[in-house]
Amino acid sequence: MKTVKPAPWILSIPEYIAGRSKEDIARQYGVTNPIKLASNENPLGPSPRALQAIEDARHSSHLYPDPDARELKEAASRFFGCDPGNVIAANGSDEIIDLICRAYLTPGDEVIIPACTFSYYRIASLVCGAAVVRSPMKDHRIDVEGIRQCLSQRTKAIFLANPNNPTGTYLDKDAGLSLLEFVPADVLIVMDEAYAAFAREKDFMSSVDLALTMPNLVTVHTLSKSHGLAGLRVGFGIASGPIMDDLLRIKPPFNVNSLAQKAGVAALSDTPFLEETLTITWDGLDCLYAAFEGLGLAYIPSQTNFVLVRIGPRASVVYEELLKRGIITRFMTNIGLDEFIRVSVGLPEENRAFIRALAEVL
Ligand SMILES: Cc1ncc(COP(=O)(O)O)c(C=O)c1O
């Protein structure tokens, strides 16, 4: 019998595993008001200016959004320090990753992705029939030499999250520059800076300036974390003209909805909200580090709004026990971190509730 068949490479694509939702955990464990520290969302909620912008814009919801997201791209260009012509806006940075894969990858190409990083790079690459080569990491950090060793004639792209999810580590300026030097000009480097706003180390370097001139570099950004708009889906790619042309050519016409465009513009101008976000994140990280040290747990110092803590062989049990107590974290066994859980920084009282529950479970 004839059946409809997907492209053969589609069948081996792993499912993207998202953080468990509050509703889901409340239903499964009968807990009220669970605390979600699983998806690196902004614990302060959305930017107040963005909320006002949504309120003002909702009456125009019957009209198509601006297909060019002109106002949003202008706001992003002011924020990131570039020209609006170097920015593409998308339905979350996931869509930027998708567009990059669809524009550049064909079956048979190889894509280098560090062994322990954001899983969507792999999924989006596999969708286009590319083969994923996992580069080794060193001490949970991206290893530039490991990437060099993985380069081949077939390498088409390299995906790097800087700072990295889920390890929270970063590529320092010297390592980043040395990578950009040895990667051949026909290999696209994708620098995902979803967490760059949270980086505190002095030698962390954003690649935005380099992306404006390097013809094989694109940076990826999101308003989901530092700007509190995960539910609205706003992301950006920044690159030089030729890459922009390629990505814009295949962008769906109305990919960023009208409320997201208005909210994005407002959030990008909400400096007090961003400052408060950074303060609460950095204070929260320091508080979590101190608590982990008190409990005798090793952790990986983070340049993001989450931290990986080593629980040991009982990590999956601890994760489950935390869920039963209404604390949602992330157990990352699918990328080889069987002994760790990842916890996003919450409000001070949420961090304290997590620590109390963790101490009890341990
Ligand atoms: C490194 C990294 N890149 C991209 C994303 C996707 O973000 P969004 O699609 O919400 O912009 C995430 C989400 O967790 C992430 O951790």
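The shown structure was predicted, so the numbers you read here are calculated from the model rather than taken from an experiment.

Enquirer: Please explain the site of the ligand as it appears in this structure.
Expert: The full set close to the ligand counts 13 residues, and Ser93, Asp192, Thr222, Ser224 and Arg233 are the nearest of them. The contact in question runs from an oxygen atom of the ligand to an N or O atom on the side chain of Ser224, over 2.6 Å. In the model, an oxygen atom of the ligand is placed 2.6 Å from a nitrogen or oxygen of the Arg233 side chain. Notes on the ligand: free accessible area 390 Å², of which the protein chains cover 94%. Among the cavities detected, the one that contains the ligand is the largest pocket. Here the shell around the ligand is composed, by residue class, of 4 nonpolar, 5 polar and 4 charged.

Enquirer: So what exactly am I meant to see when it comes to the sheet that holds strand E3 (residues 110-114) here?
Expert: Backbone hydrogen bonds are what pair the strands of a sheet, in a parallel or an antiparallel way. Read from one edge of the open sheet, 7 strands run E2-E10-E9-E8-E7-E3-E4, paired in mixed fashion. Of all the strands in the sheet, just strand E2 (87-90) and strand E4 (131-135) have a single pairing partner and so form its edges. Strand after strand, the sheet turns through a mean of 20 degrees between neighbouring axes, direction not considered. Across 4 bridges, the pairing between strand E8 (residues 188-192) and strand E9 (residues 217-222) is parallel. Within E9, the position partnered with Met191 by the bridge is Thr219. Lying over the sheet, helix H9 (residues 241-250) contacts E2, E8, E9 and strand E10 (235-239), oriented at roughly 140 degrees with respect to E10.

Rules used in this analysis
- Numbering of residues starts from 1 in every chain and runs along the sequence as written.
- For a predicted model such as this one, the threshold for reporting local features is a pLDDT of at least 70, and the threshold for listing and counting side-chain atom pairs is 80 or more; totals across whole chains, interfaces and linings nevertheless cover every residue.
- Excluding hydrogens and water, the side-chain figures rest on all heavy atoms present in the structure.
- Residues are counted as near a molecule or strand when any one of their heavy atoms sits within 4 Å of it.
- Between N or O atoms, a polar contact is any pair within 3.5 Å; within protein, one atom must be a potential hydrogen donor and the other a potential acceptor, and residues adjacent in sequence are included only when both atoms are from side chains.
- The Shrake-Rupley method, run with a 1.4 Å probe sphere, supplies the accessible areas, and residue values consider only the shown protein chains as cover.
- Whether a set of points on the 1 Å grid over the protein atoms alone is a cavity depends on a 1.4 Å probe fitting there but being unable to get out, while an open set qualifies as a pocket with protein on both sides within 12 Å along at least five of seven lines; lining residues are those with an atom within 4 Å of a point.
- Cavities and pockets are treated as containing a molecule whenever more than half of the molecule's atoms lie within 2 Å of their grid points.
- Residues are grouped as follows: nonpolar covers Ala, Val, Leu, Ile, Met, Phe, Trp, Tyr, Cys and Pro; charged covers Asp, Glu, Lys and Arg; every other residue, Gly included, is treated as polar.
- Here, any two strands with at least 2 DSSP bridges between them count as paired.
- Numbering goes from the N terminus for both helices and strands, where a helix is a DSSP run of H or I of at least four residues and a strand is a run of E of at least two.
- Here an axis means a line fitted to C-alpha atoms, over the contact stretch when the element is a helix, while the angle between two N-to-C directions is reported on a 0 to 180 degree scale.
- Contacts between residues were defined by any pair of non-hydrogen atoms, one from each residue, lying within 4.5 Å.

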